[in-house]
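Descriptive analysis of the structure
What follows is the residue order along each chain.
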Amino acid sequence: MRITILTLFPEMFSPLFGSIVGRAVKEGKLAIEVVNLRDYTEDKHLKCDDYPFGGGAGMVMMAQPVGSAIEAIDPKHEARRIYLSPKGRTFRQEKVFELTEYKHLVLLCGHYEGIDQRAIDLFIDEEISIGDYVLTGGELPAMVLADCVARYVDGVLSPESLVQESFSENLLEYPHYTRPVEYRGMSVPEVLRSGNHAQIDKWRREQALAITRKNRPDLLKDGGEVL
Ligand code: 4G4
């Protein structure tokens, strides 16, 4: 898998290269390229934004640097080209599974008021939002998407941790405990130390159902989605 990120703020992506995703990149399992859109501007002052036609507050990112960058990086349109924007379809786990099927993802990060609509119409396959809130830029959403997809690249996570997830489909996770047995007067539930795995599985299923009912009743209703 290859992920290309197009941004005016490449330095924002350093955290992605720490942690588990960074290890996968170092081990060659995953290629992540961060491309500075400013490198593609044809403006003599390296400008990448301008005032909005029609007036109004803020600046708009110009179509030209975006178009030139995408054409240089994916000339034959073999990549899935994604624009991170609050107007996109809401990101869910099903989309992660869909995106893991592509060899190359291009993630376009907008800033200011967003990008000239012509660049979106000409060069973007789909617009994705990570949730119903507004951020200063698409960089954090791009990192969220890259992290979600990276988990499914071969060898990034242990197969056990992914199998575990598919078992608990449609439910939130049961609570986890580790040592010590007692912390500030609170004990680890007895059943988890019983060694009775049938009982443990039953308890975990009940706990998962209870937390889902409390926090995400929508997941239990008909048409609840894969989590
Ligand atoms: C595109 C258009 C994504 C990108 C406008 C991006 C939230 C999300 C941006 C903007 C974003 C999300 C500046 C409003 C950058 N905010 N929910 N901001 N804005 O995925």
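Residues numbered from 1 in each chain as written. Predicted model: local features only at pLDDT ≥ 70, side-chain atom pairs only at ≥ 80, totals over all residues. Heavy atoms only, no water.

1. Let's talk about the nonpolar core
The biggest cluster of nonpolar side chains holds 25 residues, and the ones touching the most others in it are Leu107 and Leu145. Breaking this core down by element, the ones donating at least two residues are β1 (2-7), α2 (19-26), β5 (80-90), α4 (93-99), β6 (104-109) and α6 (139-150). Not counting the four nearest positions on each side in its chain, Leu107 is found in contact with Ile3, Thr4, Ile5, Leu6, Ile82, Leu84, Ala142, Leu145 and Ala146. Formed by 19 residues, the second largest nonpolar core is a distinct cluster that contains Val35, Cys48, Met61 and Tyr83. (Core = buried A, V, L, I, M, F, W, Y, C linked by side-chain atoms within 4.5 Å. Buried < 20%, exposed > 50% of the residue type's maximum accessible area, 1.4 Å probe, protein only. Helix = DSSP H or I, 4+ residues; strand = E, 2+ residues; numbered from the N terminus. Contact = heavy atoms within 4.5 Å.)

2. Let's talk about the confidence of the model for the protein chain
Taken as a whole, the protein chain shows an average pLDDT of 95; of its residues, 96% reach a score of 70 or greater. Mean pLDDT per element in the protein chain: helix α7 (residues 159-167) is the minimum at 77, and helix α5 (residues 117-123) is the maximum at 99. (pLDDT = per-residue confidence, 0-100.)

3. Considering helix α3 (residues 63-73)
Along α3, the positions that sit buried rather than exposed are Pro65, Val66, Gly67, Ala69, Ile70 and Ile73. Elements in contact with the buried residues of α3: β1, β2 (31-36), β5, β6 and α5.

4. Describing the packing of aromatic side chains
The final tally for this structure, using the stated rule, is one aromatic pair. Consider the rings of Phe97 and Tyr152, whose centres lie 5.1 Å apart with planes at 80°: the pair is edge-to-face. Here the residue Phe97 occupies a position in helix α4, and Tyr152 occupies one in the loop between α6 and α7, the gap between them amounting to 55 residues. (Phe/Tyr/Trp six-rings, centres within 6.5 Å; stacked < 30°, edge-to-face > 60°.)

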